[in-house]
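Listed below are the residues making up each chain.
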Amino acid sequence: MSIAAFLGPTLRGHAADARAALPRIADAEDPEGVHDFRVALRRLRSLLRPARAVYGRFHTDAVRAHLRAVADATGALRDEEVLAETVGELALPVAAARQRDAWLGRRAIQKRALRGALVRRVRSGEVDRALALLDALLLLPVRPDRDVDPNAFAASVVAKAESDVLRSLGAADPE
């Protein structure tokens, strides 16, 4: 098996996960929809970073940039969902709980607006365009000298990550 034979299906699987979560974004009763969508996008972007060595930096970074723009658009809504869930679970005295609930009610207006803006972006085709770029990238042939053994590829990716960590944190005080 080559690295392209591994990466293609793996990336397509994460893209399928993102597409499956799309309809759930509009459902305010399903806050995990936005979370699942974000996780799929993060997995795609994370895997595409080392995949530059296979598909080429220029095209891979173009796909990653479009995916990042879509992911960034989900951030504020997800933050509001997590905040509401976390604060809503606090065990508070009755008076404080009433104040919290009123505060969360006011924040819910902002959350609805953020969800509406995200749904409009999805309906505008922005997500479809980002995922279409990924599909196009995966259709392109891979240069034979870049289509290496997956084990060798994984070893080089891990070695580079280790080197990056050592370079950035090597002089850190262990205390």
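The coordinates are above.
J.: Help me understand the environment of Thr-10, please; the structure alone is not making it clear to me.
T.: Residue position: Thr-10 is located in helix H1 (residues 3-25). Since its relative accessible area comes to 23%, Thr-10 is described here as partly exposed. When the C-alpha atoms of Thr-10 and Gly-170 are compared, they prove to be 33 Å apart, with 160 residues separating the residues in sequence. Here Phe-6 takes part through its backbone oxygen, which lies 2.8 Å from a polar atom of the side chain of Thr-10.

J.: Explain the layout of surface pockets here, please?
T.: A probe matching the size of a water molecule, rolled over the atoms, marks out where space remains unfilled. For the largest pocket, the calculated volume is near 310 Å³. Surrounding the largest pocket, Arg-49, Pro-50, Arg-52, Ala-53, Arg-57, Phe-153, Ser-156, Val-157, Lys-160, Ala-161 and Asp-164 form its lining. Of all the elements in the fold, those that place two or more residues in the lining of the largest pocket are helix H2 (31-55) and helix H6 (150-169). Across the lining of the largest pocket, the residue classes tally to five nonpolar, one polar and five charged.

J.: Honestly, the packing of H1 against helix H5 (residues 126-139) in this entry has me stumped. Any pointers?
T.: The N-to-C vectors of H1 and H5 enclose an angle of 165 degrees; their axes lie 11 Å apart at closest approach. Here H1 is positioned roughly antiparallel relative to H5, judged by the angle of their axes. The handedness of the crossing between H1 and H5 is left-handed. Taken together, the residues of H5 that come into contact with H1 (itself represented by Gly-8, Leu-11, Arg-12, Ala-15, Arg-19 and Leu-22) are Val-127, Leu-131, Ala-132, Leu-134, Asp-135 and Leu-138. By residue class, the composition of the contact of H1 with H5 is eight nonpolar, one polar and three charged.

About the criteria used
Residues numbered from 1 in each chain as written. Predicted model: local features only at pLDDT ≥ 70, side-chain atom pairs only at ≥ 80, totals over all residues. Heavy atoms only, no water. Helix = DSSP H or I, 4+ residues; strand = E, 2+ residues; numbered from the N terminus. Buried < 20%, exposed > 50% of the residue type's maximum accessible area, 1.4 Å probe, protein only. Polar contact = N/O pair within 3.5 Å; in protein donor to acceptor, adjacent residues only side chain to side chain. 1 Å grid on protein atoms, 1.4 Å probe; cavity = no way out; pocket = protein on both sides within 12 Å on 5 of 7 lines; lining within 4 Å. Points joined across faces, edges and corners; volume = space filled by probe spheres on them. Nonpolar A, V, L, I, M, F, W, Y, C, P; charged D, E, K, R; others polar. Axes fitted to C-alpha atoms, helices over the stretch in contact; angles between N-to-C directions. Parallel < 35°, antiparallel > 145°, perpendicular 65-115°, else oblique. Left-handed = near helix turned anticlockwise from the far one by under 90°. Contact = heavy atoms within 4.5 Å.

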